[in-house]
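# A look at the structure
Listed below are the residues making up each chain.
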Amino acid sequence: MLINIKYFKGLDSLRFFAAYLVVLHHAEQIRMKYGLFNLKEYSLFNNGGIAVTFFFVLSGFLISYLLFKEHGESSTISVKKFYYRRILRIWPLYFLLVIIGTLVLPYVLDFIGYSYIMPYNFNDVIYYYILFSPFMVNILYGHHFIEPLWSIGVEELFYIVWAPLFKFLRKYILTIIIIVIFVRCLFIYLSFLGFFDPVIERLINMLRFEAMAIGALGSYLVYNYRNILSNFLFSKWSQLILITFILLRIFFFNFLTENNIVFNYLYTTPVLSKFLIMIIFSWLIINISLNPKSIISLDNKMFSFLGNISYGIYMYHMLIIFGLVVFLKDYLLYLNNLNSSIIFYLLLTSIVILASYLSKRLFEDYFLSFKKNFRTDYKENYN
């Protein structure tokens, strides 16, 4: 049975939680690098990878549902409008960060006399960014100021072909989704067996097209079979199990995998663990947004506001973390561990949210205002 959903409740909140897990991950990574007290040993502060995986699954779910919906209403898909919407939502902030990270920031650091060796120069990397391959900058040059942009490149490369596939091969889309998942599973397994050199292995790990495909599979099931699946997907027991599984992974990963053979198998087995968490994420997205008897509700104004600026939170946070460490390192070292962490996170969270809000209002919204010329009937969390 086809259904017409204009807005998925609670997903903006999930988007913010995922973005903040990335912030925590990089904050502790940078604090440790610069010799500050850090919490890197605790599981909560090591979830950047799975948070980005969640973003991929969520993106695949939302955008694929929009394409299913557009095709169902008009019997076609406007690839041109799809591209325009992606350009207006993603490109302005993406290229702003590219300019800041490759031109502005190196100049500023040199101007203030801060000794920092850039791992690359502008000419080394600019074509990777233009061609939406920032993941290659990460692979070839290591950690840097605008490292999070790698995931944006992965998404853009995926969607370059995804909308045309929907338009021209719509009746085979389920088969295509399954093929993408299978091929990615095969490459991950071969990578685990050591068939590729380290650069190719890292590339395989980063190009998580299977996560977006699993999100797309979730949207396919929701769009076509929601009533059939609802008794299973929306049971309180199933929701409790999946939420427990995710919370254990986020908060107690180190303890569970070191002390329990069952959890070690579930969370660290090559291929299985990667795909299991993606399936769980897709299931969570469906439960949070569509379950009329959900045991938790994330649809509130504060989290919706934070979710609405989460793109900026994700994009700006590395620069802000680095700035805080550079300017406050001596002060933070002077404080005891508790006060150092409290002050650091109060400042970090406040500045990241403020910067993201101002960016959304003063910069991103200008471009987003043009989306109305290229959109179908959807609300903001379809971006």
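Remember, it's a predicted structure, so these values are computed and weren't measured experimentally.

Counting its secondary structure elements, the protein chain contains 15 helices and zero strands. Taken against the 2.2 N^0.38 rule, which gives 21 Å for 383 residues, the C-alpha radius of gyration of the protein chain at 21 Å falls within 12% of a compact globule. Dimensions of the protein chain along its principal axes, counting C-alpha atoms only, are 60 × 50 × 50 Å. When the 383 residues of the protein chain are sorted by exposure, 52% land in the buried category. In the protein chain, the share of contacts with a sequence separation of at least 24, taken over all contacts with a separation of at least 6, comes to 77%. Surface accessibility of the protein chain: about 18,300 Å² in total, with carbon and sulfur atoms responsible for 68%. Between the mean site of the 31 positive side-chain charges and the mean site of the 20 negative ones, the protein chain shows a separation of 10 Å.

Checked against the element boundaries, H317 lands in helix α14 (residues 310–334). Through-space distance from the C-alpha of H317 to that of L24 is 9.7 Å; in sequence the pair is 293 residues apart. If we ignore the near neighbours within four places in the chain, the residues touching H317 are V22, V23, H26, P148, G312 and V352. Within the local environment of H317, its side chain forms a polar contact with the backbone oxygen of Y314, the two atoms lying 2.7 Å apart.

With 121 residues, the main nonpolar core has Y94, Y129, W162, M315, F344 and L348 as its most contacted residues. Excluding its chain neighbours within four sequence positions, the residues that come into contact with Y94 are Y129, F132, P134, L149, I152, Y311 and M315.

Our next topic: the pattern of salt bridges. One pass over the full model with this rule turns up nine salt bridges. Residue E156 pairs with R86 through a salt bridge whose shortest N-O separation is 2.5 Å. Of this pair, E156 sits in helix α6 (residues 149–168) while R86 sits in helix α3 (residues 79–111), and the two are 70 residues apart along the sequence. R86 gets classed as buried once you look at its relative accessible area, which sits at 7%. The shortest N-O distance in the salt bridge between K360 and D365 comes to 2.7 Å. Each of R86, E155 and E156 takes part in salt bridges that share partners, so that together they form one network.

Taking 1.5 Å per residue as the helical rise, helix α10 (residues 236–259) with its 24 residues ought to reach 34 Å, whereas the 29 Å between its terminal C-alpha atoms falls clearly short. At F252, α10 shows its maximal kink, close to 100°. Looking at α10, one finds that the buried residues are S238, Q239, L242, I243, F245, I246, R249, I250, F253, L256 and T257.

Attention now moves to the side chain of E147. The topology assignment puts E147 in the loop between α5 (134–141) and α6. Among buried charged residues, E147 stands out as having no salt bridge; its nearest opposite-charge side chain is R202, 6.2 Å away. Residues in contact with E147, not counting those within four places in the same chain, are N138 and M318.

Per-residue confidence for the protein chain gives a mean pLDDT of 89; residues scoring 70 or more make up 94%. Element-level pLDDT for the protein chain is lowest in helix α11 (residues 261–268), with a mean of 81, against a maximum mean of 97 in helix α15 (residues 337–368).

Applying the stated criterion across every chain yields a total of 40 aromatic pairs. Plain terms: the ring middles of F253 and Y267 are 6.1 Å apart, the flat faces sit at 80° to each other, and that makes the pair edge-to-face. Of this pair, F253 sits in helix α10 while Y267 is found in helix α11, placing the two residues 14 residues apart along the sequence. Overall, the relative accessible area of 9% leaves Y267 in the buried class. The structure contains a cluster of three or more aromatic residues connected by ring pairs, namely Y65, F68, F82, Y83, F158, Y159, W162, F166, F209, Y220, Y223 and Y225.

For the rest of this paragraph, the subject is the environment of A211. Residue position: A211 is located in helix α9 (residues 209–233). Once you skip the residues sitting within four places of it in the chain, A211 turns out to touch T53, F56, V57 and M278.

Okay, the packing of helix α1 (residues 11–33) against helix α2 (residues 48–74) next. It is the contact of α1 with α2, at a shortest axis distance of 8 Å, that shows an interaxial angle of 155°. Judged on the interaxial angle alone, α2 and α1 are roughly antiparallel. Read as a crossing pair, α1 and α2 show a hand that is left-handed. On α2, the residues touching L11, L14, R15, A18, A19, L21, V22 and H25 of α1 are G48, A51, V52, F54, F55, L58 and L62. Its residues assigned to classes, the contact of α1 with α2 shows twelve nonpolar, two polar and one charged.

Right, let's talk about unusual backbone geometry for a bit. Excluding glycine, a negative phi dihedral is what most residues carry, and trans is how most peptide bonds are arranged. At F132, a residue that is not glycine, the phi angle is positive and equals roughly 55°. Mapped onto the elements, F132 comes out in the loop between α4 (122–130) and α5. Although it is not a glycine, V271 sits at a positive phi angle of roughly 70°. Turning to its location among the elements, V271 is positioned in the loop between α11 and α12 (272–290).

What follows deals with the side chain of S13. By the secondary structure assignment, S13 is in helix α1. For S13, a relative accessible area of 0% translates into the label buried. Residues in contact with S13, not counting those within four places in the same chain, are L298, F303 and S304.

Basis of the calculations
- Residues numbered from 1 in each chain as written.
- Predicted model: local features only at pLDDT ≥ 70, side-chain atom pairs only at ≥ 80, totals over all residues.
- Heavy atoms only, no water.
- Helix = DSSP H or I, 4+ residues; strand = E, 2+ residues; numbered from the N terminus.
- Rg over C-alpha atoms; globule rule 2.2 N^0.38 Å.
- Buried < 20%, exposed > 50% of the residue type's maximum accessible area, 1.4 Å probe, protein only.
- Contact = heavy atoms within 4.5 Å.
- Areas by Shrake-Rupley, 256 points an atom, 1.4 Å probe, with all protein chains shown as cover.
- Lys, Arg positive; Asp, Glu negative; His and termini not counted.
- Charge placed at Lys NZ, Arg CZ, Asp CG, Glu CD.
- Polar contact = N/O pair within 3.5 Å; in protein donor to acceptor, adjacent residues only side chain to side chain.
- Core = buried A, V, L, I, M, F, W, Y, C linked by side-chain atoms within 4.5 Å.
- Salt bridge = Lys/Arg side-chain N within 4 Å of Asp/Glu carboxyl O.
- Expected span 1.5 Å × (residues − 1).
- Bend = angle between axes of the 7 residues up to and from the residue.
- pLDDT = per-residue confidence, 0-100.
- Phe/Tyr/Trp six-rings, centres within 6.5 Å; stacked < 30°, edge-to-face > 60°.
- Axes fitted to C-alpha atoms, helices over the stretch in contact; angles between N-to-C directions.
- Parallel < 35°, antiparallel > 145°, perpendicular 65-115°, else oblique.
- Left-handed = near helix turned anticlockwise from the far one by under 90°.
- Nonpolar A, V, L, I, M, F, W, Y, C, P; charged D, E, K, R; others polar.

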